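Below, each chain spelled out in residue letters.
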Amino acid sequence: MKKLFLFFALLSGFTGIAQPQDSKELQENAKAYMRQGDYDNAALLLIKALEQSPSDLSIAKDLALNYYFQKENAKALETIKPLLDRSDVDDQSFQIAGNIYKALDQPKEAEAMYKKAIKKFPKSGALYNEYGELLSSLQNTSAINQWEKGIEMDPGYSGNYYNAAKYYYFTTDKIWSIIYAEIFINIESLSARTTEVKSVLLDSYKKLFSGDLLKNLEGKNNFEQAFILSMNKANAVAENGINAESLTMIRTRFVLDWFEKYATKFPFRLFEYHQQLLREGIFPAYNQWIFGATENLMAYQNWTNAHATEYTDFSNFQKGRIFKVPTGQYYHK
């Protein structure tokens, strides 16, 4: 009797294992394969899932993405293209399509697709960013217009700040390489790109103070003029060189002047954050975090050891907040 019971128990367990999976289970298992880099098995499961649920947008997107990872770009395009005309298409579908067109070296098709995508999703920062990157790869200087529009329409998306800061760094306009670089650092504070952009920010300050600041007023809008006038108040500090210590003093004076004269007319999250850090007594630690390690890593480590409490307070403060720029605080017009 015991043997018979064991037989039925084993049979029941085997039957449970052999139960067919629904499309969502297949999709989740396929994603696990994708994370492992096993794209062949992922494709098998996603094809089966799509056969069960042919109208499921997310499964079709995953299959197109999986083909893209496999470098099966013709199949990827064949999979993603029909999705772009669907009423339930999302901006991610267009992002996947853009990557596929780029991989196939079809820039004209990619550009037409991005224009269509942005018309449908005018507030997608990711689409503006990727369209700008496509134009930049084609040596088209209008790329900056896309990154600027992305900043205006979707100020929480970091990629447009990254590209715009680097663009302005190679121009004479250091105001926006400074502002956009620092916003990027605060939105994306722990990514691999953060160290690169910290260098852009430090060098932009050095270039800003390398000449007569007031000569930069001509042709600037009201926000830019206010920025220059407030920065110029600390011009004497810069005469001894630009480093983490001098920038702490320069930026402290800037914040005090800005909130005395311009903050009501030009509310700006970045400068409000500076003021908050000053009130908390951790603005020097914040400036060391940005500029100290970039300028001299050993000196930065010595500073953190000598100011352990302040550094810990800043680190704890930084971990407990999310930096977000509100819509409407766009002044590059």
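Residues numbered from 1 in each chain as written. Predicted model: local features only at pLDDT ≥ 70, side-chain atom pairs only at ≥ 80, totals over all residues. Heavy atoms only, no water.

Student: Help me get a handle on the environment of K108, residues and values and all.
Tutor: Here K108 is to be found in helix α7 (residues 107–120). According to the relative accessible area criterion, K108 is exposed, its value standing at 71%. In this structure the C-alpha to C-alpha distance between K108 and L134, which are 26 residues apart in sequence, comes to 9.9 Å. (Helix = DSSP H or I, 4+ residues; strand = E, 2+ residues; numbered from the N terminus. Buried < 20%, exposed > 50% of the residue type's maximum accessible area, 1.4 Å probe, protein only.)

Student: Quick one: what's the story with the environment of Y286, residue by residue and with numbers?
Tutor: For Y286, the location among the structural elements is in helix α17 (residues 283–295). A residue is classified by how much of its surface remains accessible, and Y286, at 0% relative accessible area, is buried. With 28 residues separating them along the chain, Y286 and F314 place their C-alpha atoms 6.8 Å apart. If sequence neighbours within four positions are ignored, Y286 has contacts with E182, N186, R251, L270, Y273, H274, L277 and F314. A polar contact of 2.5 Å, which involves the side chain of Y286, links it to the side chain of E182. (Contact = heavy atoms within 4.5 Å. Polar contact = N/O pair within 3.5 Å; in protein donor to acceptor, adjacent residues only side chain to side chain.)

Student: Residues and numbers for empty space enclosed by the protein, please.
Tutor: Taken as a whole and judged by the stated rule, the model has two cavities of 30 Å³ or more. Around the largest cavity sit 16 residues that line it, and I151, Y161, V325, Q329 and Y330 are the ones nearest its centre. Sorting the residues of the lining of the largest cavity by element identifies α9 (143–153) and α11 (174–187) as the ones contributing at least two each. Tallied by class, the residues present in the lining of the largest cavity amount to 12 nonpolar, three polar and one charged. What the second largest cavity holds in volume is close to 50 Å³. What lines the second largest cavity is I178, I179, E182, Y205, F227, M231, R251, F254, L270, F271 and H274. (1 Å grid on protein atoms, 1.4 Å probe; cavity = no way out; pocket = protein on both sides within 12 Å on 5 of 7 lines; lining within 4 Å. Points joined across faces, edges and corners; volume = space filled by probe spheres on them. Nonpolar A, V, L, I, M, F, W, Y, C, P; charged D, E, K, R; others polar.)

Student: I'd love a proper account of the pattern of salt bridges, names of residues and values included.
Tutor: Per the counting criterion, the structure on display carries 13 salt bridges. Where E152 meets K149, a salt bridge forms, and the shortest distance between an N and an O atom there is 3.5 Å. Pair noted here: E152 and K149 are both in helix α9, with a separation of three residues, about one helical turn. Among the residues examined, E152 registers a relative accessible area of 25% and is labelled partly exposed. Of the charged contacts, one joins K233 and D257 as a salt bridge, the two residues approaching to 3.0 Å between their closest N and O atoms. (Salt bridge = Lys/Arg side-chain N within 4 Å of Asp/Glu carboxyl O.)

Student: Lay out the confidence of the model for the chain with the relevant residues and their values.
Tutor: For the chain, the mean per-residue pLDDT works out to 92, and 94% of the residues sit at or above 70. Residue range residues 1–18 is modelled with pLDDT below 50. Its contacts to residues more than four positions away, or to other chains, number zero contacts. (pLDDT = per-residue confidence, 0-100.)

Student: Quick rundown of the packing of aromatic side chains? Include the residues and the values.
Tutor: For the structure shown, the criterion picks out 35 aromatic pairs. Measuring from ring centre to ring centre gives 5.4 Å for F266 and Y331, while their planes differ by 85 degrees; the resulting arrangement is edge-to-face. Placement of F266 in the loop between α15 (244–261) and α16 (269–280) and of Y331 in the segment after α19 (308–319) is noted, with a sequence separation of 65 residues between them. Y331 carries the same exposure label as F266, and that label is buried. Taking 6.0 Å as the distance between ring centres and 20 degrees as the angle between the ring planes, the aromatic pair formed by F283 and Y286 counts as stacked. Separated by three residues within a single helix, F283 and Y286 lie in helix α17, roughly one turn from each other. (Phe/Tyr/Trp six-rings, centres within 6.5 Å; stacked < 30°, edge-to-face > 60°.)

Student: Give me helix α6 (residues 91–103): which residues, what numbers.
Tutor: Taking 1.5 Å per residue as the helical rise, α6 with its 13 residues ought to reach 18 Å, and the 19 Å between its terminal C-alpha atoms agrees with that figure. Taken together, the buried positions of α6 are occupied by S93, F94, Q95, I96, A97, G98, I100 and Y101. The elements touched by buried residues of α6 are α4 (57–69), α5 (73–80), α7 and α8 (125–137). Positive phi appears at D105, one or two residues downstream of α6, with a value of about 55 degrees. (Expected span 1.5 Å × (residues − 1).)

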